[in-house]
Amino acid sequence: MAGIYIYSESKDLAAELVGFARGTGKPAILLTLDEKTAEELKNSCADKIMLITGSSELIENYARAIADLLVKEGAELLAVGATARGRDLAARIAGYLDCAMASDVTAANFADGKLMTTRMLYGGAVQQSEALAGLSVITIPAGKFEPVNGETPVETIELAADNRVSLVETAPIVKQGADLVAAEKVVCVGMGMDKAEDMKIAQDLADAIGAVIACTRGIAEERHWLPVEQYIGISGAVIKPKLYISMGVSGQVQHVFGIRDAQIIVAVDTNEKAPVFKAADYGIVGDMYEVIPALTEALKK
Amino acid sequence: MPKIIACYKWVADEADIRIDADLSVDLSKAKGKISEYDRNAIEAAVQAAAAMGGQAVGLTFGTTKARQSLKDALSRGLEEAIYINTEEANEADGAATARALAAAIRKTEDVSLVICAEGASDTYQRQTAPRLGALLDLPVITSVTKMEISGNTLTAVRKLEDCLQTVKAQLPAVVAVLPEINGAPIPGLKAVLAAGKKPVTEFSSTDLGVDLKPKSQVTECKGYIMNRKNIILSEGDTADKVKALAAALRKEGVL
C-alpha cells in the first residue's frame, strides 16, 4: 500500500505520527515490533498496523528489510518518532535507500508533490526549511502533532532481521534526579557557580517554590555536580515548565534550545551582555550569591 | 595494523552567528571549530586504538576551510588524517556526507572500526553513523555511552530513553558515541607541535568517484528569534530588583 509508513516504539508518539499522516490526507501504515503496542494502537486511526515478526527484538535490525518493504509497497514517506532507537532506524533506512532525510522536524507538510520540512540548525539559532522529493525519511519529536481516533486493523508481516548486532542485556535507567521533563518549575545552575557546595543556594530556592534542580551541560559533564540526566539543552533534556529560573547560566544557543517552550524564563547573571538575557522574560543583572538567597526569601512569603 | 576511523566535522561556531534584522543569517564573522561532540568521537578512537593495538585516523569532509581543522584534530592523538576537500561540502546533506565518508573509508585498508559522534553541532541531524553502516554494509551501534573491545568483539552500552542496552557485534563496525563517553582532554603543547608532522591524505570528489549531489533541497534559512518580554533589571540595589521580580512572577501566576 502506498502512503506514509510510521514507526515509533513509543505508542503515544506513534499515535501522534498517525495524526500527522491523517492531516496530509495520505494513507497511514503503522509498523510495530510487538503485539502489545499493536494492541494499544488499535484505535489510532491508521489504515493498518503491520506487526513485524522476525528473529530479532531490536527494531534497528530490520532496517534493510523495512527499506525493501517501502520500495515494494511504493511508500511516499517514512515518518519515525525522534527517539534514540527511532533516529537510528530512520537514518539507517535512509542510508539503504540513499534518500533524503530531515531529522527532528518541527513542521512537515506536502506541497507540489514534495515534502516541505522545517528544522533547527546551530543549536536552535537558525531555522532551515527543506524540500524532500520522492521516497524520503523524517523523524518527528513528541508533542508536534495530535493523535486521532479510529479503528485500525492489524496484520502480521515476517521480515528478515540483520542479527549482526545482538542484545546482551537490558537494564532500566535508574533516575538519579527528579523528572525534569514533567517538572512545572525548574531552577537551573550554570558555570557561573563557583563550587559544588554552592548548589545549596539553588536547592533552597527550588525547595521554596517546589522546583526541580537542573543544570547546563558543563555542570553535568565537566564538573559532574549533577547527573547527565539533569542537564538541559539540545543534546540533553528539552523541557517546557511554567517557570524556569537560571543562575550563572550564560545562555548558549544549545542550552536555550532546551527551554524554548518554557512559559516564563528568568535569568540571574553578573554579565549583562550574557545571551541568556535575550532569551529571558525577566532578568536580574547581579551576583547570584546575593540575588538568589534574597529571591528565595521573597518567594517564601 | 587495524585502523580506527574517527569522523569529524569542521563547523562554524554558533556563538559567532549573527542574525540580522531581516532574520538573514550572517556566518561571515564565525570562527571555525571541530564540532564539540566530534572531539569525544576522536578521543574514543584514540582510546580504542590504544586498546586494540591499532591506529587512530581522523576523517573529515569539508571545503578548503576544513584544512584548518587538521592540526587541531591530529593534536588530539590521531596518528593520521584523511581530508575530503571539496566545495560540494557546502551544499551537502546527510546523504551526500555519508556517501563521501563511505567512499573514503572504502579506499582505506584494514578499517576495523568507524566512530562518529551522534550528531554535528551545526546540523545535529544524527544521521551519519547509521547511514555509513548502511552504505558500507557494516553493523551499527548508536547512542554508545561505554564500549569495550575484546579480540574481534565489540561490546557497547547504549543509552536509550528508558534503558541501558548492552549489545555486541563483530568488527568491523560503525558506532556513534554520546559525548559523555569520555572527557576529550585539551591537547598539550607537545601534542600540538607534533601534529604538524603527521601525515594527511587528501581526496577530491573526483578521486573518490562519488556523486555528492544532495538529496534534499534547502528552500529557506533564517534566524530564529524567541519572542520574550526581555524585562531586565540591571540598575538599583539587590533588594529592590528581587522585590520587583517576585512581584512580576506572582502576577504571571507561575509560582
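Everything numeric in this text was worked out from a predicted model, so none of it was measured. (Residues numbered from 1 in each chain as written. Chains lettered and ligands numbered in written order. Predicted model: local features only at pLDDT ≥ 70, side-chain atom pairs only at ≥ 80, totals over all residues. Heavy atoms only, no water.)

## Some remarks on the overall build of chain A
And then number 1: Counting secondary structure elements, chain A contains eight helices and 16 strands.
And then number 2: Taken over the C-alpha atoms alone, chain A extends approximately 65 × 45 × 35 Å along its principal axes.
And then number 3: In chain A, buried positions account for 59% of the 301 residues.
And then number 4: In chain A, the share of contacts with a sequence separation of at least 24, taken over all contacts with a separation of at least 6, comes to 62%.
And then number 5: For chain A, the exposed area adds up to about 11,700 Å²; of that, 49% sits on carbon and sulfur atoms.
And then number 6: Positive and negative side-chain charges of chain A, numbering 28 and 41 respectively, have mean locations separated by a distance of 3 Å. (Helix = DSSP H or I, 4+ residues; strand = E, 2+ residues; numbered from the N terminus. Buried < 20%, exposed > 50% of the residue type's maximum accessible area, 1.4 Å probe, protein only. Contact = heavy atoms within 4.5 Å. Areas by Shrake-Rupley, 256 points an atom, 1.4 Å probe, with all protein chains shown as cover. Lys, Arg positive; Asp, Glu negative; His and termini not counted. Charge placed at Lys NZ, Arg CZ, Asp CG, Glu CD.)

## Thoughts on the sheet that holds strand 5 (residues 101–102) of chain A
Residue and element names in this part refer to chain A.
And then number 1: An order of 5-9-4-1-2-3-10 is seen for the seven strands of this open sheet, with the pairing classed as parallel. Sheet topology places strand 5 and strand 10 (154–158) at the edges, where each strand pairs with a single neighbour.
And then number 2: Across five bridges, strand 3 (residues 48–53) lies against strand 10 in parallel orientation. Each residue of the ladder has a partner; that of Ile-52, found in strand 10, is Ile-157.
And then number 3: Set on the sheet, helix 1 (residues 11–24) makes contact with strand 1 (3–7), strand 2 (28–32), strand 4 (75–81) and strand 9 (136–140); between it and strand 1 the angle comes to about 170 degrees.
And then number 4: Where helix 3 (residues 63–73) meets the sheet, its contacts fall on strand 1, strand 2, strand 3, strand 4 and strand 10, and the angle it forms with strand 4 comes to roughly 145 degrees. (Pairing = 2+ DSSP bridges. Axes fitted to C-alpha atoms, helices over the stretch in contact; angles between N-to-C directions.)

## With respect to the pairing of strand 2 of chain A
Look at any regular strand and the pattern is simple: side chains alternate between the two faces of the sheet.
Residue and element names in this part refer to chain A.
And then number 1: Taking burial as the measure, the five residues of strand 2 include five buried ones, the bulk of the element.
And then number 2: Side chains of strand 2 alternate between two faces, with Ala-28, Leu-30 and Thr-32 and Ile-29 and Leu-31 buried alike.
And then number 3: Relative to strand 2, strand 1 runs parallel, the two being bridged by four bridges. Across the sheet, the residue bridging to Ile-6 is Leu-30, located in strand 2.
And then number 4: For the crossover from strand 1 across helix 1 to strand 2, the handedness is right-handed.
And then number 5: As paired strands, strand 2 and strand 3 are joined by four bridges and run parallel to one another. Bridge pairing in strand 3 places Ile-29 opposite Lys-48. (Right-handed = clockwise from strand over helix to strand, strands pointing away.)

## Quick notes on the sheet that holds strand 6 (residues 107–111) of chain A
The pairing of strands in a sheet comes from backbone hydrogen bonds and takes either a parallel or an antiparallel form.
And then number 1: The sheet built from four strands is open, its strands ordered 6(A)-7(A)-8(A)-14(B) with antiparallel pairing. Each having just a single partner strand, strand 6 of chain A together with strand 14 (216–223) of chain B make up the two edges of the open sheet. Taken over all neighbouring pairs, the strand axes of this sheet differ in orientation by 20 degrees on average, direction set aside.
And then number 2: The sheet contact formed by strand 6 of chain A and strand 7 (residues 114–121) of chain A spans five bridges and is antiparallel. For Asn-109 of chain A, the partnering residue across the bridge sits in strand 7 of chain A and is Met-116 of chain A.

## A short note on the domain arrangement of chain A
Residues and elements named next belong to chain A.
And then number 1: The domains assigned to chain A are domain 1 (4–158) and domain 2 (185–300).
And then number 2: Each of domain 1 and domain 2 was reduced to a C-alpha centroid, and the two centroids are 35 Å apart.
And then number 3: Every contact between the two is made by five residues of domain 1 and, on the other side, five residues of domain 2.
And then number 4: Between domain 1 and domain 2, a total of about 400 Å² is buried, with carbon and sulfur atoms accounting for 57% of that surface.
And then number 5: Considering only the side of domain 1, the residues that lose the most area to domain 2 are Met-120, Gly-123 and Gly-124, jointly responsible for 73% of the buried surface there.
And then number 6: For the pair domain 1 and domain 2, the interface holds zero salt bridges.
And then number 7: The tally of links between domain 1 and domain 2 comes to one residue pair in polar contact (both at pLDDT 80 or more).
And then number 8: Looking at the side of domain 1 that touches domain 2, its residues break down into three nonpolar, two polar and no charged. (Domains from an automatic or database assignment. Buried area = accessible area lost by both parts, 1.4 Å probe. Salt bridge = Lys/Arg side-chain N within 4 Å of Asp/Glu carboxyl O. Polar contact = N/O pair within 3.5 Å; in protein donor to acceptor, adjacent residues only side chain to side chain. Nonpolar A, V, L, I, M, F, W, Y, C, P; charged D, E, K, R; others polar.)

## As for the interface of chain B and chain A
And then number 1: Across the contact, 74 residues belong to chain B and 86 residues belong to chain A.
And then number 2: Between chain B and chain A, roughly 7,100 Å² of surface is buried when both sides are summed, and carbon and sulfur atoms account for 54% of that area.
And then number 3: Considering only the side of chain B, the residues that lose the most area to chain A are Tyr-224, Arg-228 and Val-254 of chain B, jointly responsible for 9% of the buried surface there.
And then number 4: Here chain B is connected to chain A by nine salt bridges.
And then number 5: Between Arg-158 of chain B and Asp-88 of chain A there is a salt bridge, with its nearest N and O atoms 3.5 Å apart.
And then number 6: Taken together, chain B and chain A are joined by 50 residue pairs in polar contact (both at pLDDT 80 or more).
And then number 7: In terms of residue count, helix 7 (residues 238–252) of chain B provides more of the side of chain B that touches chain A than any other element does, nine residues in total.

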